[in-house]
Amino acid sequence: MLNNPILEIIKSRRSIRKFTGEKISDEEIICIIEAAGSAPSNSNRQPWKFIILKNEEKKKEVTQAVLNKIEFLKTTPANDEIKTVIDSYKDYLLFIKDAPVLIFALYKLPPLILSEFVRDNNLQGLESMAQNELISVSMAVENLLLASHATGLGACCTTGPLIASPEIKNILDVRPPFEIASVIALGRYDHLPDMPVRKPFKDIIEVIE
């Protein structure tokens, strides 16, 4: 049981940010999206949708939108420390430009009529309801990442580029009730990075007996 191959895939998966540029086949993309669609979801609503972006011009538009937002943020009133942080994270926001495929994970917001019912009856808030759907798509994204690694592909889930979310939604024609949860860069890699430092087991558990 401890040598289960699924556990090995989980433990050996890495976030890949450098790609060879080799193309990804439609069969491979279908495989990992089917894995994503097999994830559990809140009340089995499966509130997700995946936009697979292979078009080079559209990818350039997305990257440029992110770069424009970075430059805009650097010109807004802010202290030097914040601007330094923006500069230091710039590469983490723009590495998506080198991925052969970008997958945008979307989730569906609750219907307006349901939101009004919740509000009028002092029930669970809209923000919590939306969070339920976000958790669901997050589980689907994890399936996608593991399936990518299992098929020999490299992937990295990132939310940084969503600083330009309004512009990206316009480029991709994302409309309500959908919102973008994350961007997954997908491609082939030369080597797996070393495992990053993980917290000790004792620091991530609390046992109640």
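Bear in mind the structure is a predicted one, so any value in this text is a computation, not a measurement.

Visitor: Honestly, the pairing of strand β2 (residues 101-108) in this entry has me stumped. Any pointers?
Guide: In summary, the side chains of a regular strand alternate between the two faces of the sheet. With seven of its eight residues buried, β2 lies for the most part within the structure. Strand direction decides the pairing type here: strand β1 (residues 48-53) and β2, joined by six bridges, are antiparallel. When the sheet's bridge partners are listed, L53 is paired in β2 with L102. Bridge count between β2 and strand β4 (residues 178-187): eight bridges; the pairing is antiparallel. Bridge pairing links A105 to S182 in β4.

Visitor: How do you make sense of the side chain of H149 when you look at a structure like this?
Guide: Within the fold, H149 resides in helix α7 (residues 126-150). On the basis of relative accessible area, H149 is assigned to the buried category, the value being 13%. At 2.8 Å, the side chain of H149 and the side chain of S12 are in polar contact. With residues up to four places along the chain from it excluded, the contact list for H149 reads I9, S12, R13, Y189 and L192.

Visitor: Help me understand the sheet that holds strand β3 (residues 154-158) in this model?
Guide: Hydrogen bonds between backbone atoms are what pair the strands of a sheet, whose relative direction is either parallel or antiparallel. The sheet built from four strands is open, its strands ordered β1-β2-β4-β3 with antiparallel pairing. In this open sheet, the two edge strands, each paired with only one partner strand, are β1 and β3. Each adjacent strand pair in this sheet contributes to an overall mean axis angle of 25°, direction not counted. Here β3 pairs with β4 via five bridges, running antiparallel. Following the sheet pairing, C157 is matched in β4 by I184. Relative to the sheet, helix α8 (residues 165-172) contacts β1, β2 and β4, its axis offset from that of β4 by approximately 80°.

Visitor: How should I be thinking about the environment of M139 in this particular structure?
Guide: Position of M139 among the secondary structure elements: in helix α7. Exposure remark for M139: the relative accessible area of 33% places this residue in the partly exposed category. Between the C-alpha atoms of M139 and A36, which are 103 residues apart in sequence, the distance is 7.9 Å. Sequence-distant contacts of M139, defined by excluding residues within four places in its chain, comprise A39 and P40.

Visitor: Help me understand a nonpolar patch on the surface in this model?
Guide: A grouping of F201, I204, I205 and V207 is seen on the molecular surface, where their side chains present a nonpolar patch of about 440 Å² in accessible area. Locating I204 in the fold gives a position in the segment after β4. Among the residues examined, I204 registers a relative accessible area of 54% and is labelled exposed.

Thresholds applied
Residues numbered from 1 in each chain as written. Predicted model: local features only at pLDDT ≥ 70, side-chain atom pairs only at ≥ 80, totals over all residues. Heavy atoms only, no water. Buried < 20%, exposed > 50% of the residue type's maximum accessible area, 1.4 Å probe, protein only. Helix = DSSP H or I, 4+ residues; strand = E, 2+ residues; numbered from the N terminus. Pairing = 2+ DSSP bridges. Polar contact = N/O pair within 3.5 Å; in protein donor to acceptor, adjacent residues only side chain to side chain. Contact = heavy atoms within 4.5 Å. Axes fitted to C-alpha atoms, helices over the stretch in contact; angles between N-to-C directions. Patch = residues over 30% accessible without salt bridge, like charges linked within 9 Å, V, L, I, M, F, W, Y side chains within 5 Å. Areas by Shrake-Rupley, 256 points an atom, 1.4 Å probe, with all protein chains shown as cover. Salt bridge = Lys/Arg side-chain N within 4 Å of Asp/Glu carboxyl O.

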